Amino acid sequence: MRIALLSGSSTDFLAAPLALELETFGIMSELHRGEFGTYAHEMLEATSETARFRPDVAILLTTHAMIPDWPAVGDSAERVEALVEDATSRWLGLCESLHAHTNCEIVVGNLHVLPARTMGSLGCRMPWDANTFVRGINASLARRAPAYVHLLDVDTLSAIHGVSNWFDARFW
């Protein structure tokens, strides 16, 4: 199986464990890792290294740093929904482009909530709260993903293990 790993962060630490895990299931793999932060180019360009690799499966690991626009304090629910749709459309558009070039299946990791909660429990009632926004993006991805896009539920995985264990800004 030909697998491409793409992200806005390093995927160096994932390649060997992923190959080993697949091998335990009898799936031999060849992995291609996109360079740090080149995911958009790799997905958009028909002549990119990823497109030329012709993966069977591409894995796009999203990060909060890949969100171009965040809501401002006090933004309306309509403004926040527009930002959610923009972020979702951006990632699904990249998936559409890569799928058109390679006909591969694509796994997209959704986003974990942020460990910092500046508004505390009140944040869940504020459309512009960062975690409310992240949850909106996750819901939009789940609702809008075409059949060739499969979601890796990073949000649930991070909740199971604890967000503070999942993400440590010191090691970003």
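Structure: see above.
Figured I'd write up the structure that's included with this text. (Residues numbered from 1 in each chain as written. Predicted model: local features only at pLDDT ≥ 70, side-chain atom pairs only at ≥ 80, totals over all residues. Heavy atoms only, no water.)

## Quick look at the sheet that holds strand S1 (residues 2-7)
Logical step 1: Taken together, the five strands give an open sheet; going across it, the order is S2-S1-S3-S4-S5, and neighbouring strands pair in parallel fashion. Strands at the two margins of the open sheet, each flanked by one partner only, are strand S2 (30-33) and strand S5 (149-152). Sheet twist, expressed as the mean angle between neighbouring strand axes with direction ignored, is 20°.
Logical step 2: Direction of pairing for S1 relative to strand S3 (residues 57-61): parallel, over a ladder of five bridges. Residue pairing across strands places Leu6 opposite Leu60, the latter belonging to S3. (Pairing = 2+ DSSP bridges. Helix = DSSP H or I, 4+ residues; strand = E, 2+ residues; numbered from the N terminus. Axes fitted to C-alpha atoms, helices over the stretch in contact; angles between N-to-C directions.)

## Focus: the side chain of Asn131
Logical step 1: Here Asn131 shows up in helix H5 (residues 130-144).
Logical step 2: Its relative accessible area of 6% is what places Asn131 among the buried residues.
Logical step 3: Those residues in contact with Asn131, other than ones at most four positions away along the chain, are Val113, Leu114, Ala116 and Arg117. (Buried < 20%, exposed > 50% of the residue type's maximum accessible area, 1.4 Å probe, protein only. Contact = heavy atoms within 4.5 Å.)

## Digging into the packing of aromatic side chains
Logical step 1: In the structure shown here, the tally under the stated rule is one aromatic pair.
Logical step 2: Its guanidinium or amino end placed over the ring of Phe53, Arg2 lies 4.1 Å from that ring's centre, counting from NZ or CZ. (Phe/Tyr/Trp six-rings, centres within 6.5 Å; stacked < 30°, edge-to-face > 60°. Lys NZ or Arg CZ within 6 Å of the ring centre and 35° of its normal.)

## Some thoughts on the environment of Ala116
Logical step 1: Mapping Ala116 onto the fold places it in the loop between strand S4 (105-109) and H5.
Logical step 2: Measuring from C-alpha to C-alpha, the distance between Ala116 and Arg33 comes to 31 Å, with 83 residues separating the pair along the chain.

Remember, this is a structural readout, not a statement about activity or role.
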